[in-house]
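So the chains spell out like this:
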Amino acid sequence: MQTQSSQNQNYDVYAGAIRLRRAIRRRRKCADILAKTIRVLTTAPILSLVLFTLLFFTGGVFTTPTEFAVTIVLFTLLPLTAYPLQKILPAFRSRGRDGQRTLAMIMANVGYLLSMVYAMSAGVGSSLLTLYLTYLFSGAALLIINKAFGFHASGHACGLCGPAAAMVYFTGWPSLIVGAVLFGLCLWGSLHMGRHTIPQFFAGSAISIVIFLSLAAVLL
């Protein structure tokens, strides 16, 4: 009887350990899915779509629907083409995640350069020009820091904090609460998936904030 009781106890301990391990795996899988979803939703093209759409409906930045449409094409649709293109372009496909990241930065900066061509030809207002220049200079700064110095400043953080600073500037301080929540979620997602370190994330954040505030001080 004592041997049977000991075996039952050992079995209960073993079964409990299995259940705990499964629970941990399920929790980890849910966390992975949540982190990946946050990362997808906080890419620069998606956030630029949110930023420009909100500013279009709140007024003061866009003077015509055409300005809004062109902006969405250049800052959202064009950069997003990097993801399907990476799968079919051999030079980027062979490099995996790094190739995808590089192509995304290239396509984004192409959009930013084209936005300046449009700004000069259409004569956009100072508010929209400030946003265009913020993206252009932020993209250039990321390329220089990442490629020339080998420091991978977070493009996610850069694409989040610049628009957040712009929303606070154009719509008021309540936008800061939303920006802070998104900042926390994006930071957690990046750390959880091992995409960036804390210094890399904060460096990316500082780039776009400093550039936007500097341009706003001069142009607005």
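Everything below is about the structure printed above this text.
Residues numbered from 1 in each chain as written. Predicted model: local features only at pLDDT ≥ 70, side-chain atom pairs only at ≥ 80, totals over all residues. Heavy atoms only, no water.

Participant: Looking at this model, I keep getting lost on the overall build of the protein chain. Mind explaining?
Facilitator: The helix and strand inventory of the protein chain stands at 10 helices and zero strands. When the helices and strands of the protein chain are listed from N to C terminus, the series reads α-α-α-α-α-α-α-α-α-α. Relative to a compact globule of 220 residues, whose C-alpha radius of gyration would be 17 Å, the protein chain shows 23 Å and is clearly more extended. Summarising its shape, the C-alpha atoms of the protein chain cover approximately 90 × 45 × 30 Å along the three principal directions. When burial is assessed residue by residue, the protein chain has 41% of its 220 residues classed as buried. Counted over contacts in the protein chain with a minimum sequence separation of 6, partners at least 24 positions apart contribute 67%. Roughly 12300 Å² of accessible area belongs to the protein chain as shown, and the carbon and sulfur atoms make up 70% of that amount. (Helix = DSSP H or I, 4+ residues; strand = E, 2+ residues; numbered from the N terminus. Rg over C-alpha atoms; globule rule 2.2 N^0.38 Å. Buried < 20%, exposed > 50% of the residue type's maximum accessible area, 1.4 Å probe, protein only. Contact = heavy atoms within 4.5 Å. Areas by Shrake-Rupley, 256 points an atom, 1.4 Å probe, with all protein chains shown as cover.)

Participant: Help me understand helix α9 (residues 174-192), please; the structure alone is not making it clear to me.
Facilitator: Along an α-helix, a turn takes 3.6 residues, which lines up residues three or four apart on a common side. Here α9 is 19 residues long and its end C-alpha atoms lie 28 Å apart, about the 27 Å a rise of 1.5 Å per residue gives. Restricting attention to buried positions, one finds in α9 the residues Ser-175, Gly-179, Phe-183, Cys-186, Leu-187, Gly-189 and Ser-190. Taken around the axis of α9, the buried residues stretch over an arc of 165°, which confines them to a single face. Away from its buried face by more than 90 degrees, α9 exposes Pro-174 and Ile-177. Phi for Gly-194, located one or two positions after α9, is positive at around 70°. (Expected span 1.5 Å × (residues − 1). Arc of directions from axis to C-beta.)

Participant: Help me understand the side chain of Ser-208, please; the structure alone is not making it clear to me.
Facilitator: Within the fold, Ser-208 resides in helix α10 (residues 198-219). Here Ser-205 takes part through its backbone oxygen, which lies 3.5 Å from a polar atom of the side chain of Ser-208. Residues in contact with Ser-208, not counting those within four places in the same chain, are Thr-134, Ser-138, Ala-157, Cys-158, Cys-161 and Gly-162. (Polar contact = N/O pair within 3.5 Å; in protein donor to acceptor, adjacent residues only side chain to side chain.)

Participant: Honestly, the side chain of Ser-175 in this entry has me stumped. Any pointers?
Facilitator: With respect to the helices, strands and loops of the structure, Ser-175 is situated in helix α9. Looking at Ser-175, the relative accessible area reads 17%, which means it is buried. Among residues more than four places away in sequence, those in contact with Ser-175 are Met-167 and Val-168.

Participant: Looking at this model, I keep getting lost on the packing of aromatic side chains. Mind explaining?
Facilitator: We describe a pair of aromatic rings using the distance from one ring centre to the other and the angle between the two ring planes. Under the definition given, this model contains 16 aromatic pairs. Pairing Phe-183 with Phe-201 gives two aromatic rings, centres 5.2 Å apart and planes at 70°, and the pair type is edge-to-face. Separated by 18 residues along the polypeptide, Phe-183 in helix α9 and Phe-201 in helix α10 bring together distant segments of the chain. Of the residues examined, Phe-201 reaches a relative accessible area of 0% and is grouped as buried. One aromatic cluster is present, built from ring pairs that chain together Phe-52, Phe-56, Phe-57, Phe-62, Phe-68, Phe-75, Tyr-112, Tyr-132 and Tyr-135. (Phe/Tyr/Trp six-rings, centres within 6.5 Å; stacked < 30°, edge-to-face > 60°.)

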